[in-house]
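Summary of structural features
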Amino acid sequence: MEWDNNPSPDWLEDYARIEQAIRFLEHNYLDQPDLKAAAQSVGLSEFHFQRLFTRWVGISPKRFLQYLTKEHAKALLRQHAGLLETTYASGLSSPGRLHDLFVACEAVTPGEYKSGGSGLTLRYGFHPTPFGECLLAVSERGVCWFSFVEGGRQAALRELRATWRRAALIEDAAATAPAARGVFFPTAQPERSLPLLLNGTNFQIKVWEALLRIPAGSVVTYQEIAVAIGLPGASRAVGQAVGSNPIAVLIPCHRVIRKDGDLGSYRYGSARKKALLGWEFARRDNLSLALEADPRRQPAPDWEI
């Protein structure tokens, strides 16, 4: 699936409809609603709903829902048993993985962490994405914040200020636009990595670094993350660190699920988590089908949308 490289606010409305459709399909799954019922739930004709959903996800609403069941999640967990251990041993997970090619990260020093960003200047902006409006902030050292806007822009800004409490904040959407495009809308291989600046405790940063090793279209459990960082009994603390991830999507906390296959909660709503995962699952399977049809085709990097 390809996205317009000049996203408009209309995308926010499209995502809102997709989120509403996901909620409808979830709540009525046992009744197996047909296309007409799903379309009516978002106020569209069957033709326009099918077209919007397929353009947005790349597959039908029914197939999309199948990706979001416990059985599918369990199969993924079985398929990728030991995934994190393997990636740590090899240094890379798979050709074209977003975070192997595109993301480099560094952490603030302990002194900087305690200071709450004193002396740093952060530029921030609000931008449309395929999954709703986002707030993105950058410093001279890299992207330091990415959140989805829920509850209004002022609420999103309060969260940013709480994390970087002593940094100077300047609204500058022009400065953050290139990074926003780098997350969802790049058109070619970047010349250099997109740097991230992590602001957290040593434990949180260990967890976030582990998240960076989860390939798109895959899921792992909180327990697997705990084992990967050498603290197998720390699953609950891992869950708290995952939930406090300050750079959504780029640090893919949405790829962590419960060991029973339940997709679980998400800081920005369970429907958005399901949308992100379903979209990634569909892209992965579509690529696999394309490779089967033409083995000479090389896998596209995850950032090439």
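Keep in mind that this is a model prediction, so the values were computed, not measured.

Moving on, we come to the overall build of the protein. Along the protein, the regular secondary structure elements total 14 helices and eight strands. Of all 305 residues assigned to the protein, the portion counted as buried reaches 50%. Sequence-distant contacts in the protein: of pairs separated by 6 or more residues, those separated by 24 or more amount to 70%. Of the roughly 14,400 Å² of accessible surface on the protein, 50% is carried by carbon and sulfur atoms.

Next up on the list: the packing of helix α1 (residues 10-27) against helix α3 (residues 46-57). At a closest axis distance of 11 Å, the pairing of α1 and α3 adopts a crossing angle of 100°. Compared by their axis directions, α1 and α3 come out roughly perpendicular. Contacts between α1 and α3 involve Asp14, Tyr15, Arg17, Ile18 and Ala21 on the former and, on the latter, Phe49, Leu52, Phe53, Arg55 and Trp56. For the contact of α1 with α3, the class distribution of residues is seven nonpolar, no polar and three charged.

Let's shift gears to α1. Within an α-helix, residues lying three or four positions from one another point in the same direction, as the helix has 3.6 residues per turn. Helix length check: α1 (18 residues) gives 26 Å between terminal C-alpha atoms against 26 Å at 1.5 Å per residue, within 8%. Those residues of α1 that fall on the buried side of the exposure criterion are Trp11, Asp14, Tyr15, Ile18, Glu19, Ala21, Ile22 and Leu25. The arc that holds every buried residue of α1, seen down its axis, measures 160°, which confines them to one face.

Evaluated as defined, the whole model comprises nine salt bridges. One salt bridge connects arginine 17 with glutamate 13, and the closest N-O pair in it is separated by 3.7 Å. Of this pair, arginine 17 and glutamate 13 both sit in helix α1, four residues apart, which is roughly one turn of the helix. Note that arginine 258 is salt-bridged to aspartate 262, the shortest N-O span being 3.6 Å.

The next point concerns the packing of aromatic side chains. In the structure shown here, the tally under the stated rule is eight aromatic pairs. For the pair tyrosine 15 and phenylalanine 131, a centre-to-centre distance of 6.3 Å together with 65° between the ring planes defines the contact as edge-to-face. Here tyrosine 15, found in helix α1, pairs with phenylalanine 131, found in the loop between β2 (121-127) and β3 (134-139); they are 116 residues apart in sequence, far enough to count as distant. No difference in accessibility class separates tyrosine 15 from phenylalanine 131, as the two residues are buried.

Here we take up the environment of serine 270. Turning to its location among the elements, serine 270 is positioned in helix α14 (residues 270-293). For the pair serine 270 and histidine 254, spaced 16 residues apart in the sequence, the C-alpha separation amounts to 9.4 Å.

Moving on, we come to unusual backbone geometry. The backbone of valine 249 shows a phi angle near 70°, a positive value even though the residue is not glycine. Among the structural elements, valine 249 can be located in the loop between α13 (235-243) and β8 (256-257).

With that settled, consider the packing of helix α11 (residues 202-211) against α13. When two helices pack together, their arrangement is captured by the angle between the axes and the distance separating the axes. Across the interface, α11 lies against α13 with an axial gap of 9 Å and an inter-helix angle of 75°. Comparing the axis directions of α11 and α13 gives the class roughly perpendicular. Here Phe203, Gln204, Val207, Trp208 and Leu211 of α11 lie close against α13, whose contacting residues are Ala237, Val238, Ala241 and Val242. Considering only residue class, the contact of α11 with α13 consists of eight nonpolar, one polar and no charged.

Thresholds, definitions, all that
All chains use their own residue numbering, which begins from 1 and follows the written sequence. Whole-chain, interface and lining totals are the exception, using all residues; otherwise, since this is a predicted model, local features are given only for residues with pLDDT of at least 70 and side-chain atom pairs are given and counted only at 80 or more. Hydrogen atoms and water are omitted, and side-chain values are computed over all heavy atoms in the structure. Only DSSP runs of H or I with at least four residues qualify as helices, and only runs of E with at least two residues qualify as strands; both kinds are numbered from the N terminus onward. Note on exposure labels: buried denotes an accessible area under 20% of the residue type's maximum, exposed denotes more than 50%, and partly exposed covers the range between, all computed with a 1.4 Å probe on protein chains only. Residue contacts are defined here by distance: any two heavy atoms, one from each residue, within 4.5 Å place the two residues in contact. Here the open area of atoms and residues is found with the Shrake-Rupley method and a 1.4 Å probe, where only the protein chains shown may cover a residue. Where helices are involved, their axes are fitted lines through C-alpha atoms of the stretch in contact, as for all axes, and angles between N-to-C directions lie from 0 to 180°. These descriptions rest on fixed angle ranges, namely under 35 degrees for roughly parallel, over 145 for roughly antiparallel, 65 to 115 for roughly perpendicular, and the rest for oblique. Think of it as three bins: nonpolar holds Ala, Val, Leu, Ile, Met, Phe, Trp, Tyr, Cys and Pro, charged holds Asp, Glu, Lys and Arg, and polar takes everything else, Gly as well. Expected helix span is taken as 1.5 Å per residue step, with the number of steps being one fewer than the number of residues. Think of it as the arc spanned by the lines of direction from the helix axis to the C-beta atoms. Here, a salt bridge means any Lys or Arg side-chain nitrogen found within 4 Å of an Asp or Glu carboxyl oxygen. Only Phe, Tyr and Trp rings take part, Trp by its six-membered ring, and two of them pair if their centres are within 6.5 Å. Stacked means planes under 30 degrees apart, edge-to-face means over 60, and tilted covers everything else.

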